[in-house]
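Chain by chain, the residues run as shown.
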Amino acid sequence: MSYEPRRPLILGLETSCDETSAAVIDGNHEILGHVILSQDVHEVYGGVVPELAARAHLQKVDAVVAEALARAGVGLQAIDVFGVTAGPGLIGALLVGVCWTKAVAYGRGRPWVPVHHMEAHLFAPSLEDPEAEPPFVSLLVSGGHTLLLHAETWGEYTLLGRTRDDAAGEAFDKVAKLLGLPYPGGPAVETIAREGDPGRHRLTRPMLRGNQRPGDADFYDFSFSGLKTAVGNLARRVALDMGTGDPADLPDSEKAHIARAFQDAAIDVLVSKTLRAVEETGCDRVVLGGGVSANGVLRSEMERRSPGGRVFWASPRLSLDNGAMVARAARFRFDRGEVGALDGSASAGLAFPGLSTASREAAIPRT
Ligand code: KG4
Ligand code: ZN
């Protein structure tokens, strides 16, 4: 028997950074059509150029949506709800998605639903595994954010920790740049680190000490900026010893040892702090989300160090920025009656919906 899609049909559109992506999901959260277009224009600059990102979204958004609809086998008139990432992200890039969505939704007399990009990442694993449901502890690690949350139920989240400076993905990207590896840096660092000797260099684990206690301001927080500097110092020292000068000119074998030392340190901190949250909340389910959760070592270490618990992550396609997770988050918000207003817009610093920070703020002394 062929699959019968259920209402509502939701279109999710993602344009917050450098992926233009659209997906149609149905009432069962089944992905009917999904297109992810990664912009390659940024590769030559070694990072995302905001103006170029916005322009590329504008050029491609119609075609990406049309292809997602075609794969789903439906026309635009069949869409009941239009979901779109409204923030956080690059404002010019976000505006392309939000303006497109609002125009089409109002033109068709349908609701539009603004979605928070990181909440969408939180929903991604549940598209593939219905058991990736709260209550769980979640580590959300992307190019712009590093968040440790306790999700009591969908829509009610407690912030346990976050980065105080660089995001985890940003650290991967900066280390890649330093070593002359291509953008985006995460996959390049992971690949080369496989050849690295874990015993060659050891880097200090930032903000991770055994004597930290729950309630201490740094018990759950992260910091990656010092690690990036430590990697830079190490790479320059090795380059000096080898007479190459620039770390980007080091032989791949040396880059591999450095990349390995960085990745081991970053992942040890991410996993250790997530396990603290598991222990303190008594919640043994962990959901990994965001682009860095595509990292195989992060996944396997999390699983290896959580013997009694379950660890969920999305397939690489749904871990990176994508329209399907946006459609799924839009469905949740729509079911709660949360639809966008006529004068609603994008916001580069959109607040995470339902995220309570009360207990956390109390724990952090104000300076
Ligand atoms: O969620 P995402 O696609 O976009 C943002 O919301 O930022 O995450 C992108 C980030 C980039 O920093 C990229 O280097 C990192 O995720 N990333 C990885 C891997 N794949 C992507 N980091 C580590 N290992 C990977 N395999
Ligand atoms: Zn993302």
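About the thresholds
- Residues numbered from 1 in each chain as written.
- Chains lettered and ligands numbered in written order.
- Predicted model: local features only at pLDDT ≥ 70, side-chain atom pairs only at ≥ 80, totals over all residues.
- Heavy atoms only, no water.
- Helix = DSSP H or I, 4+ residues; strand = E, 2+ residues; numbered from the N terminus.
- Rg over C-alpha atoms; globule rule 2.2 N^0.38 Å.
- Buried < 20%, exposed > 50% of the residue type's maximum accessible area, 1.4 Å probe, protein only.
- Areas by Shrake-Rupley, 256 points an atom, 1.4 Å probe, with all protein chains shown as cover.
- Donors = N, O, S within 2.8 Å, 3.2 Å for Na, K, Ca; no water.
- Near = heavy atom within 4 Å.
- Polar contact = N/O pair within 3.5 Å; in protein donor to acceptor, adjacent residues only side chain to side chain.
- Pairing = 2+ DSSP bridges.
- Axes fitted to C-alpha atoms, helices over the stretch in contact; angles between N-to-C directions.
- Contact = heavy atoms within 4.5 Å.
- Domains from an automatic or database assignment.
- Buried area = accessible area lost by both parts, 1.4 Å probe.
- Salt bridge = Lys/Arg side-chain N within 4 Å of Asp/Glu carboxyl O.
- Nonpolar A, V, L, I, M, F, W, Y, C, P; charged D, E, K, R; others polar.
- Parallel < 35°, antiparallel > 145°, perpendicular 65-115°, else oblique.

A few words on the overall build of the protein chain. For the protein chain, the helix and strand inventory stands at 11 helices and 11 strands. Taking 21 Å as the expected radius of gyration for a compact globule of 367 residues, we find that the protein chain reaches 21 Å, a close match to that expectation. The C-alpha extent of the protein chain, read off along each of the three principal axes, is 65 × 50 × 45 Å. When burial is assessed residue by residue, the protein chain has 53% of its 367 residues classed as buried. Only carbon and sulfur atoms are counted for the fraction: they give 52% of the accessible area of the protein chain, which is about 15400 Å².

All right, on to the coordination of the zinc ion (ligand 2) then. A four-donor tetrahedral metal ideally has 109.5 degree angles, and a six-donor octahedral metal ideally has angles of 90 or 180 degrees. Ligation of the zinc ion (ligand 2) by protein atoms is provided by His-117 (NE2), His-121 (NE2) and Asp-321 (OD), these donors lying 2.0 to 2.1 Å from the ion. Each donor residue of the zinc ion (ligand 2) lies on the same chain, and together they follow the pattern H-x3-H-x199-D. Remark: Asp-321 occurs in the loop between α9 (316–319) and α10 (323–335) and His-121 occurs in helix α3 (residues 117–123); sequence separation between them is 200 residues.

Contacts to ligand 1 come from 19 residues, most closely from Gly-143, Asp-173, Gly-186, Glu-190 and Asn-295. A distance of 3.1 Å is found between an oxygen atom of ligand 1 and a backbone nitrogen or oxygen belonging to Gly-169. Here an oxygen atom of ligand 1 sits 3.0 Å away from a polar atom, N or O, in the main chain of Gly-186. A total of 550 Å² of accessible area belongs to ligand 1 in isolation, and the protein chains cover 90% of it. Sorting the residues of the shell around ligand 1 by element identifies α3, α4 (168–178) and α5 (185–193) as the ones contributing at least two each.

Right, let's talk about the sheet that holds strand β2 (residues 19–25) for a bit. Spatially, β3-β2-β1-β4-β5 is the arrangement adopted by the five strands of the open sheet, whose pairing is mixed. Either end of the sheet is taken by a strand with one partner, and the two such strands are β3 (31–38) and β5 (112–116). Here the average twist between neighbouring strands, direction ignored, is 15°. As defined by bridge partners, strand β1 (residues 10–14) adjoins β2 across five bridges and the pair is classed as antiparallel. What sits directly across from Glu-14, in β2, is Ser-21. Sitting on the sheet, helix α2 (residues 91–108) touches β1, β4 (81–87) and β5, and the angle it makes with β4 is about 155°.

The subject of this paragraph is the environment of Gln-263. Topologically, Gln-263 is positioned in helix α7 (residues 252–281). Taking the C-alpha atoms as reference points, Gln-263 and Ala-193, separated by 70 residues in sequence, lie 7.4 Å from one another. For Gln-263, the residues in contact, after removing those within four places along its chain, are Phe-172, Val-189, Glu-190, Ala-193, Asn-295 and Val-297. Within the structure, Gln-263 has its side chain in polar contact with the side chain of Asn-295 (distance 3.1 Å).

Right, let's get into the domain arrangement of the protein chain. You'll often see interface size given as the accessible area lost when the parts meet. Each domain of the protein chain was delimited in the assignment, giving domain 1 (10–123 + 320–355) and domain 2 (131–313). Of note, the centres of domain 1 and domain 2, computed from C-alpha atoms alone, are 27 Å apart. Carbon and sulfur atoms supply 70% of the area buried between domain 1 and domain 2, which totals about 1600 Å² over both sides. Summed over the shared surface of domain 1 and domain 2, the result is zero salt bridges. The interface formed by domain 1 and domain 2 contains three residue pairs in polar contact (both at pLDDT 80 or more). When residues of the side of domain 1 that touches domain 2 are traced back to their parent elements, those giving at least two are α3 and α10. Of the residues that constitute the side of domain 1 that touches domain 2, the class distribution is 11 nonpolar, four polar and six charged.

Working note: a packed helix pair is described by the angle between its axes plus the distance between those axes. Packing of α4 against α7 leaves a shortest axis separation of 11 Å and a crossing angle of 175°. Considering the angle they form, α4 stands roughly antiparallel to α7. For the pair α4 and α7, the contacting residues are Ala-168, Ala-171, Phe-172 and Val-175 in the first and Phe-262, Gln-263 and Leu-270 in the second.

Going through the model one piece at a time under the given rule, you end up with 19 salt bridges. Note that Arg-310 and Asp-129 form a salt bridge whose closest N and O atoms lie 3.4 Å from each other. A residue pair is termed long-range when its members are at least 10 positions apart, and Arg-310 in strand β10 (residues 310–312) and Asp-129 in the loop between α3 and β6 (136–141) qualify at 181 residues. On the basis of relative accessible area, Arg-310 is assigned to the partly exposed category, the value being 37%. Residue classification places Asp-129 among the partly exposed positions, given a relative accessible area of 23%. Measuring nitrogen to oxygen at the nearest pair gives 2.4 Å for the salt bridge that ties Glu-131 to Arg-310. Note that Glu-131 is positioned in the loop between α3 and β6 and Arg-310 in strand β10, a separation of 179 residues in sequence. Using a relative accessible area of 42% as the deciding quantity, one classes Glu-131 as partly exposed. Look at the salt bridges and you will find they share partners, linking Glu-119, Arg-333, Arg-336 and Glu-338 into a network.

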